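Spelled out from the first residue to the last, the chains are:
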Amino acid sequence: FRKHTQSTVSDYLAGLRIGEACARLSATRQPIQHIAADVGYGSLANFNRQFLRLRGMTPRAYRASFQR
């Protein structure tokens, strides 16, 4: 797997989950905790940590960047 994707399975899945969360954060007003649960995170704290690690900002800041 790593040979083809240049990442571990867990990093690849985190990227997919956070990518889906980004799409939902920018397109809906659904609460962040619901988005986190829908994309597979049982813990909001872990979702926030992973989001920050991969996107360099919190989910709230990411959503705010799309609102005027």
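Just so you know, these numbers come straight off a predicted model, no measurement behind them.

What to know about the packing of helix 2 (residues 9–27) against helix 4 (residues 44–55)
Piece 1. In contact at an axis separation of 10 Å, helix 2 and helix 4 are set at 95° when each is read in the N-to-C sense. The angle between the axes of helix 2 and helix 4 places the two elements in the roughly perpendicular class. Every residue of helix 4 that contacts helix 2 at Asp11, Ala14, Gly15, Ile18, Gly19, Ala21, Cys22 and Leu25 is listed here: Phe47, Gln50, Phe51, Arg53, Leu54 and Arg55.
Piece 2. Looking at the contact of helix 2 with helix 4 residue by residue, the class counts come to 8 nonpolar, 3 polar and 3 charged.

With respect to the nonpolar core
Piece 1. Counting 13 residues, the largest nonpolar core has Ile18, Leu25, Tyr41, Phe47 and Phe51 as its most contacted members.
Piece 2. Only helix 2, helix 3 (32–38) and helix 4 provide two or more residues apiece to this core.
Piece 3. No other element matches helix 2, which puts 5 residues into this core.
Piece 4. Contact partners of Leu25, with chain neighbours within four places excluded, come to Ile32, Ile35, Phe51, Pro59, Tyr62 and Arg63.

Notes on the side chain of Arg63
Piece 1. Mapping Arg63 onto the fold places it in helix 5 (residues 59–64).
Piece 2. Despite being buried, Arg63 has no salt bridge partner; Asp38 is the closest side chain of opposite charge, sitting 9.9 Å away.
Piece 3. There is a polar contact of 3.1 Å between the side chain of Arg63 and the backbone oxygen of Thr28.
Piece 4. If we ignore the near neighbours within four places in the chain, the residues touching Arg63 are Arg24, Leu25, Thr28, Arg29, Gln30, Ile32 and Ile35.

Looking at unusual backbone geometry
Piece 1. In this model, Gln6 sits at a positive phi of 60°, which is unusual for a non-glycine residue.
Piece 2. One can find Gln6 in the loop between helix 1 (2–5) and helix 2.
Piece 3. The exposure class assigned to Gln6 is exposed, which follows from its relative accessible area of 64%.

Quick notes on the rules
- Residues numbered from 1 in each chain as written.
- Predicted model: local features only at pLDDT ≥ 70, side-chain atom pairs only at ≥ 80, totals over all residues.
- Heavy atoms only, no water.
- Axes fitted to C-alpha atoms, helices over the stretch in contact; angles between N-to-C directions.
- Helix = DSSP H or I, 4+ residues; strand = E, 2+ residues; numbered from the N terminus.
- Parallel < 35°, antiparallel > 145°, perpendicular 65-115°, else oblique.
- Contact = heavy atoms within 4.5 Å.
- Nonpolar A, V, L, I, M, F, W, Y, C, P; charged D, E, K, R; others polar.
- Core = buried A, V, L, I, M, F, W, Y, C linked by side-chain atoms within 4.5 Å.
- Buried < 20%, exposed > 50% of the residue type's maximum accessible area, 1.4 Å probe, protein only.
- Lys, Arg positive; Asp, Glu negative; His and termini not counted.
- Salt bridge = Lys/Arg side-chain N within 4 Å of Asp/Glu carboxyl O.
- Polar contact = N/O pair within 3.5 Å; in protein donor to acceptor, adjacent residues only side chain to side chain.

So, to be careful, I would describe these as geometric facts and stop short of saying anything about function.
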